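What the coordinates show
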Amino acid sequence: MFKSLFNLFFPQVCLGCGTFMQLNETVICTSCRHELPLTNHHSETENEIIKKFYGRIPIEFGAAMFYFHKKGIVQQLIHNLKYQNHQEIGTMLGKWYGEELKFLEIVKNTDFIIPVPLHKKRLKKRGYNQVEKFGLALSSLLKVPYNNSILYRNIYSDTQTQKSFFGRTTIKKDLFDVVFSEIHQGKHFLLIDDVITSGTTIEACAKALLKIPDAKISIVAMAYTHS
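Residues numbered from 1 in each chain as written. Predicted model: local features only at pLDDT ≥ 70, side-chain atom pairs only at ≥ 80, totals over all residues. Heavy atoms only, no water.

**A look at the confidence of the model for the protein**
Taken as a whole, the protein shows an average pLDDT of 90; of its residues, 88% reach a score of 70 or greater. With pLDDT under 50 throughout, residues 2-9 is counted as low confidence; its partners more than four residues away or in other chains account for 6 contacts. (pLDDT = per-residue confidence, 0-100. Contact = heavy atoms within 4.5 Å.)

**So, unusual backbone geometry**
For Val 27, which is not glycine, the phi torsion reads 65° and is therefore positive. With respect to the helices and strands, Val 27 occurs in the loop between α1 (2-9) and α2 (30-35). A relative accessible area of 15% places Val 27 in the buried class. Positive phi outside glycine occurs at Asp 214, with the angle close to 65°. Here Asp 214 lies in the loop between α10 (200-209) and β6 (216-225). (Helix = DSSP H or I, 4+ residues; strand = E, 2+ residues; numbered from the N terminus. Buried < 20%, exposed > 50% of the residue type's maximum accessible area, 1.4 Å probe, protein only.)

**Observations regarding the packing of helix α5 (residues 88-101) against helix α8 (residues 132-142)**
The packing of two helices is summarised by the inter-axis angle and the distance between the axes. Where α5 contacts α8, the two axes come as close as 7 Å, and the packing angle between them is 35°. For α5 against α8, the interelement crossing comes out right-handed. Only Lys 133, Phe 134, Ala 137, Leu 138, Leu 141 and Leu 142 of α8 make contact with α5, whose side of the interface consists of Gly 90, Thr 91, Leu 93, Gly 94, Lys 95, Tyr 97, Gly 98, Glu 99 and Leu 101. Among the residues making up the contact of α5 with α8, the classes are represented as 8 nonpolar, 4 polar and 3 charged. (Axes fitted to C-alpha atoms, helices over the stretch in contact; angles between N-to-C directions. Left-handed = near helix turned anticlockwise from the far one by under 90°. Nonpolar A, V, L, I, M, F, W, Y, C, P; charged D, E, K, R; others polar.)

**Notes on the side chain of Gln 87**
You can see Gln 87 is positioned in the loop between α4 (73-83) and α5. At a separation of 3.0 Å, a polar atom in the side chain of Gln 87 contacts the side chain of Asn 85. Filtering out sequence-adjacent residues up to four positions away, Gln 87 remains in contact with Leu 81, Tyr 128 and Lys 133. (Polar contact = N/O pair within 3.5 Å; in protein donor to acceptor, adjacent residues only side chain to side chain.)

Given below as structure tokens:
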């Protein structure tokens, strides 16, 4: 009853399309949920993410949840998550994708979930890392610890969304680095991000993690920019 009264005076809005939601809907409306462009990468052994990193970095597994199209629902969700502090989007997507990934042994057998880090200056400005809630939800479902202290960003740089494609493919050397000990050696790291476009940020992060002796890398993202 209280929820009904609350929604009467403060109706919840879908973070995908902006329409008012029904009482049984959360974060996004049923219509948007059905229209989200799923990739089904997790069910393909040779998917687009794995192929994207051929010859660039060795990965055990790679997948993105959705295709990202300009002016699409996924873009709106990522924008609301990244710039409007709607971190509930990350939690929802993490729970959703976690239910799919938990049946894959290669994912369940990872040792740490590692977010692509923000520079401490940007983290202070934004107040949160947009992939943290996604990672924590995955951690809960996969029973794999979330760790945001191993990988860090050395250099403060412009946000990727403001760069051209060429700019996104020219990440500075040593942009990322790692802090590790013996307990991290030989471990399998699940590297997570919001959107993979050129793949240069993920590549730079993976190369930093591969400084750890005998490390293995897998990649999961919320979305993939489909050409």
